[in-house]
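What follows is each chain in one-letter form.
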Amino acid sequence: MKRTTRPPGPRGHALLGAVVLVAAVTSSSVAAADAGPGPFGVTVQAAATKETARVGALFHGSGGHFCTASVVHSAGRDLIVTAAHCVDGGGAMRFAPGYRDGKAPYGFWEVAGTFVPEGWTDEQDEDTDVAFAVLADKDGKGVEDVVGGGNAFATGRATGSTAVTVTGYPNTLDTPITCTNKPTVHSRTQQRIECPEFAGGTSGSPWVNGDGEVVGVIGGHQQGGETDDVSYSVVFGGEVAALYREAVTVFSTSS
């Protein structure tokens, strides 16, 4: 489970993993982060780019960050995707895209509403661990207007057909980490990726392919994974496509 519950607190082994990561990124990994995601299966500090500006930390009201989410394109320009287990508890939440070093360069955006599939709310079915949230506008602008657009939300992509880049916020860090690798099949409905140091707080982290499409989010099996080094995602198929269409329709109608 890669979510931080309220009150925030790391898993027993998450702090050790964070220390190892920080030691790495303050040495040779800094150069790798600046140049890109580095070789497959290596986790580094994420550089500040237009791509990472679309990924942000989810906060409990005025509290600390507990999950990760990312901006996906919608007509309302106000939609983010994350894991269902991140938002099923309700309550006030804020999203800070591009959050870095404890600062929110694009501001904090209030979550105005969430869209969670019935399969999760009724049964916590791991195959439905995906959710969307609509963000309230700020000064007449949607979040896409501020961060330079949103990633496409794509379904029907074959697991492992291309490498993906996973970016997220462990709860022990205030700067995102990133890793690129090829996902593999875990089951017909679940996919997995080997990327170290994705500890508590990284649930909801987007899996973005080379075409800038979100094809997964950390969640699903074991609510994203019981170890820091292997993460899971629901395979985005027809049911997830329908959820996205419904979220876009409901949110654009109500805005």
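Cut-offs and rules
- Numbers given for residues are sequential positions, taken from 1 along each chain in its written order.
- With the structure being a predicted model, the display of local features is reserved for residues of pLDDT at least 70 and the display and counting of side-chain atom pairs for 80 or more, all residues being used for whole-chain, interface and lining totals.
- Just so you know, side-chain values use all the structure's heavy atoms and leave hydrogens and water out.
- Any pair of cysteine sulfurs within 2.5 Å is marked as a disulfide.
- Runs of E in the DSSP output that reach at least two residues are strands. Runs of H or I that reach at least four are helices, and both are numbered from the N terminus.
- Categorising residues by exposure relies on relative accessible area from a 1.4 Å probe, with only protein chains included: less than 20% of the type maximum marks a residue as buried, more than 50% marks it as exposed, and the intermediate range marks it as partly exposed.
- In the cavity and pocket records, a cavity denotes points on a 1 Å grid over the protein atoms alone where a 1.4 Å probe fits but cannot get out, a pocket denotes an open set with protein on both sides within 12 Å along at least 5 of 7 lines, and lining residues are residues with an atom within 4 Å of a point.
- Grid points are joined across faces, edges and corners, and a volume is the space filled by probe spheres set on the points.
- Each residue gets one of three labels, nonpolar for Ala, Val, Leu, Ile, Met, Phe, Trp, Tyr, Cys and Pro, charged for Asp, Glu, Lys and Arg, and polar for the others, Gly among them.
- Every case where a carboxyl oxygen of Asp or Glu lies within 4 Å of a side-chain nitrogen of Lys or Arg is listed as a salt bridge.
- Think of it this way: DSSP has to see at least two bridges between two strands before they count as a pair.
- Patches draw on residues past 30% relative accessible area with no salt bridge. Two like charges within 9 Å are joined, as are two nonpolar side chains (Val, Leu, Ile, Met, Phe, Trp, Tyr) within 5 Å.
- Method for areas: the Shrake-Rupley scheme with a 1.4 Å probe, in which residue coverage is limited to the protein chains shown.
- Just so you know, the count uses Lys and Arg for positive and Asp and Glu for negative, and it drops His and the chain ends.
- Each charge is placed at NZ for Lys, CZ for Arg, CG for Asp and CD for Glu.
- Pairs of N or O atoms are called polar contacts if they sit within 3.5 Å, as long as, within protein, a hydrogen donor faces a hydrogen acceptor (for residues adjacent in sequence, only side-chain-to-side-chain pairs).

A. Local environment of the state of the cysteines. Tallying each qualifying case throughout the model produces two disulfides. One disulfide in the model links C67 with C86; its S-S distance is 2.1 Å. One quick way to see it: the torsion about the S-S bond of C67 and C86 is about -80°, and its sign makes the bridge left-handed. Taken as a pair, C67 in strand β3 (residues 65–72) and C86 in helix α3 (residues 84–87) lie far apart in primary sequence, 19 residues in all. Per residue, the accessibility class of C67 equals that of C86, and both read buried. A disulfide bridge connects C179 with C195, and the sulfur atoms are separated by 2.1 Å. Disulfide C179 to C195: torsion about the S-S bond roughly -80°, handedness left-handed.

B. Just the layout of surface pockets, in detail. There is about 330 Å³ of room inside the second largest pocket. Taken together, the elements giving at least two residues each to the lining of the second largest pocket come down to α4 (118–123) and α6 (238–254). Broken down by element, the residue count for the lining of the second largest pocket peaks at six residues, all from α6. Split by residue class, the lining of the second largest pocket holds nine nonpolar, five polar and five charged.

C. Just the pattern of salt bridges, in detail. For the structure on display, the rule yields four salt bridges. Between E144 and R77 there is a salt bridge, with its nearest N and O atoms 3.7 Å apart. Taken together, the residues E144 in helix α5 (residues 143–147) and R77 in the loop between β3 and β4 (79–82) connect sequence positions 67 residues apart. Note on R77: relative accessible area 28%, which makes it partly exposed. Residues joined by salt bridges that share partners form a network here, namely R77, E144 and D145.

D. Up close: the sheet that holds strand β8 (residues 152–153). Strand order in the open sheet formed by six strands is β1-β10-β9-β13-β14-β8, with mixed pairing between adjacent strands. The outermost strands of the open sheet, each flanked by one partner alone, are β1 (44–45) and β8. Where strand β9 (residues 164–168) and strand β13 (residues 206–209) come together, three bridges link them in antiparallel fashion. What sits directly across from V164, in β13, is N209.

E. Layout of a negative patch on the surface. On the surface, E118, D122, E123 and E246 cluster together into a negatively charged patch. Here the negative patch takes three residues from α4, the largest share from any one element. Counting through the fold element by element, E118 comes out in helix α4. Note on E118: relative accessible area 61%, which makes it exposed.

F. Local environment of the sheet that holds strand β11 (residues 184–185). One open sheet accounts for three strands, arranged β11-β12-β15; its pairing is antiparallel. Each edge of the open sheet is held by one strand with a lone partner, namely β11 and β15 (230–234). Summarising the sheet, β11 and strand β12 (residues 190–194) pair through two bridges and their orientation is antiparallel. Paired with V185 across the two strands is Q191, which belongs to β12.

G. Representation of the side chain of T82 within the structure. Topologically, T82 is positioned in strand β4. On the basis of relative accessibility, which here comes to 1%, the residue T82 falls in the buried class. Here the side chain of T82 touches T68 through a polar contact of 2.8 Å, landing on its backbone oxygen.

H. Here's a closer look at the environment of S161. Its place among the elements puts S161 in the loop between β8 and β9. Separated by 23 residues in the primary sequence, S161 and T184 have C-alpha atoms spaced 9.2 Å apart. Among the polar contacts listed, one links the side chain of S161 to the backbone oxygen of A158, at a separation of 2.9 Å.

By themselves, these observations are geometric and do not establish any function.
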